[in-house]
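# Per-entry structural report
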Amino acid sequence: MIYLDHNATTPVDPRVLEAMMPFFTEHFGNAASRHHALGCDAAKTVETARERIAAVIGADPREIIWTSGATESDNLALQGVAQSSVYRKKHIVTVATEHRAVLDPCEVLETRGFTVTYLGVDGDGCVDLDRLATAITDQTLMVSIMHANNEIGVLHPIGDIGALCKERGVLFHTDATQSFGKEPIDVNAMGIDLLSATAHKMHGPKGVGVLYIRRRDPRVRCQALLHGGGHERGLRSGTLNVPGIVGMAAAATLPPDDGVRALRDRLETGILSRLDGVEINGHRTHRLANTTNLSFAGVDGKALMKAMPEIAVSSSSACTSALLQPSYVLGALGCHEARIRGSVRFSLGRCNTAEEIDTATARVVESVQALRAAGPRRHT
Ligand SMILES: *Cc1c(COP(=O)(O)O)cnc(C)c1O
């Protein structure tokens, strides 16, 4: 199996697993049980991990809240701030290509008296800052725009968006799940007020994430969604997942993965140079180094995946494919239905080798040729 689906999830890095192991067994303390040494050790470990995560984005450790992953972080950012009694504004601006973990809470808020503006994107998947500026009104509480898109890898200019939000006095949340630990992020320089991330997209374990919540200039008010014990400054009750937290900190501070861009380019140019009728979806340069989303004319993405079962890729976001809908992200780019159906996402990771990329390239090329030769009946 050649795994090229790292935007869906990643294997735990051996160094991360090694760091986690002692916290399942001998160091199993509850970080809230500070009346004995085991609990104190766990609490200290959690605080060290919090400092390491904060350092990645230039935050204060007190601004980091542990969660179960990015879905919870996005929900806490949107619903927690919207429900805070200190805010009176009831308008949110987001983008049509956000992850469902942002879009679904926005839809819930619409049933609770909020209005949400879903900005469109251009054919490359980019947001227009002038349209964002126009969408912000004196009723706007928050702007939520992801850093990197999970399906096409497009990077949004979060520094410019943060500056605009500061200027207009609105809060700025960014879902940085796909960029955390990969792209440089500085919450102060970029004017970010809330930021979501998860461990399992960067070679950490599943089931642990963080929400960064700014404490000053401005102090962001957020209401808890989970109650029961007042952990995490009352913002997120529940016994902390100490091994997971250690794993997330270890994953976030792994040495940078410098080779992935060259491998992605090798895959992309390999396929494009040997096949006609292939289009790249999303902006070619404002993009994550590990991602390429390609549409193969006359081929169904699902049929292509079936034709090469030993290559793990995705024909739409793994998180949304349970809904069995064509990609709403590619739809927002204005792609016609055939181009959406013919799309496949290749997302690389730190374990991929040049040899794997060459094998995958050859398998894609021969599978596409075979499907096209089999005739147009089953395809576009
Ligand atoms: C994977 C993903 C999520 C969901 O993260 P979980 O930790 O699996 O809940 C949210 N947003 C983006 C952009 C993602 O890629």
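Below, the structure is looked at part by part. (Residues numbered from 1 in each chain as written. Predicted model: local features only at pLDDT ≥ 70, side-chain atom pairs only at ≥ 80, totals over all residues. Heavy atoms only, no water.)

Tallying secondary structure elements over the protein chain gives 12 helices and 12 strands in all. Taken over C-alpha atoms, the radius of gyration comes to 21 Å for the protein chain, in line with the 21 Å a tight globule of 380 residues would show. In terms of overall dimensions, the protein chain has C-alpha extents of about 70 × 55 × 35 Å along its principal axes. A sequence separation of at least 24 residues applies to 74% of the contacts in the protein chain between residues at least 6 apart. With an accessible surface of roughly 15,900 Å², the protein chain has 53% of that area assigned to carbon and sulfur atoms. Across the protein chain, the mean location of the 40 positive side-chain charges is 3 Å away from that of the 42 negative side-chain charges. (Helix = DSSP H or I, 4+ residues; strand = E, 2+ residues; numbered from the N terminus. Rg over C-alpha atoms; globule rule 2.2 N^0.38 Å. Contact = heavy atoms within 4.5 Å. Areas by Shrake-Rupley, 256 points an atom, 1.4 Å probe, with all protein chains shown as cover. Lys, Arg positive; Asp, Glu negative; His and termini not counted. Charge placed at Lys NZ, Arg CZ, Asp CG, Glu CD.)

If you add up the space inside the largest pocket, you get close to 500 Å³. G181, K182, P256, D257 and R350 are the residues nearest the centre of the largest pocket, which is lined by 24 residues in total. Those elements giving two or more residues to the lining of the largest pocket turn out to be helix 7 (242–252) and helix 8 (260–274). Considering only residue class, the lining of the largest pocket consists of 11 nonpolar, 6 polar and 7 charged. Composition of the lining of the largest pocket by domain shows at least three residues from each of domain 1 (2–8 + 257–379) and domain 2 (14–252). In this structure, the second largest pocket encloses a volume near 250 Å³. In terms of lining residues, the second largest pocket is bounded by 17 residues, among which R34, E47, R50, E232 and L240 are the most central. Breaking the lining of the second largest pocket down by element, the ones donating at least two residues are helix 2 (37–56) and strand 2 (64–67). The dominant element in the lining of the second largest pocket, judged by the number of residues it contributes, is helix 2, at 4 residues. (1 Å grid on protein atoms, 1.4 Å probe; cavity = no way out; pocket = protein on both sides within 12 Å on 5 of 7 lines; lining within 4 Å. Points joined across faces, edges and corners; volume = space filled by probe spheres on them. Nonpolar A, V, L, I, M, F, W, Y, C, P; charged D, E, K, R; others polar. Domains from an automatic or database assignment.)

Quick look at the pattern of salt bridges now. In total, this model carries 17 salt bridges according to the counting rule given. With its nearest N and O atoms 3.2 Å apart, the salt bridge here joins E279 to R339. In this pair, E279 is assigned in strand 9 (residues 278–281) and R339 in helix 11 (residues 337–341), connecting sequence segments 60 residues apart. By relative accessible area, which is 38% here, E279 ends up partly exposed. Connected through salt bridges with shared partners, the residues E47, R50 and E232 form a single ionic network. (Salt bridge = Lys/Arg side-chain N within 4 Å of Asp/Glu carboxyl O. Buried < 20%, exposed > 50% of the residue type's maximum accessible area, 1.4 Å probe, protein only.)

Attention now goes to the site of the ligand. Every residue near the ligand is listed here: G69, A70, T71, H99, M146, N150, D175, T177, Q178, T198, H200 and K201. In the environment of the ligand, a nitrogen atom lies 2.7 Å from a nitrogen or oxygen atom belonging to the side chain of D175. The side chain of Q178 places a nitrogen or oxygen atom 2.8 Å from an oxygen atom of the ligand. Protein chains shield 90% of the accessible area of the ligand, which is 380 Å² for the free molecule. For the shell around the ligand, a count of residues per class yields 2 nonpolar, 8 polar and 2 charged. (Near = heavy atom within 4 Å. Polar contact = N/O pair within 3.5 Å; in protein donor to acceptor, adjacent residues only side chain to side chain.)

Okay, the nonpolar core next. Among soluble globular proteins, nonpolar side chains are generally buried collectively. One finds I57, W66, L132, V143, I192, L195 and M248 to be the most contacted residues of the largest nonpolar core, which totals 61 residues. Top contributing element to this core by residue count: helix 7, with 8 residues. Not counting residues up to four positions away in its chain, the partners in contact with W66 are V46, A49, R50, I53, V208, G209, V210, E232, R236, L240, I245 and M248. The next biggest cluster of nonpolar side chains, apart from the first, holds 27 residues, and it includes L267, V344, V365 and L371. (Core = buried A, V, L, I, M, F, W, Y, C linked by side-chain atoms within 4.5 Å.)

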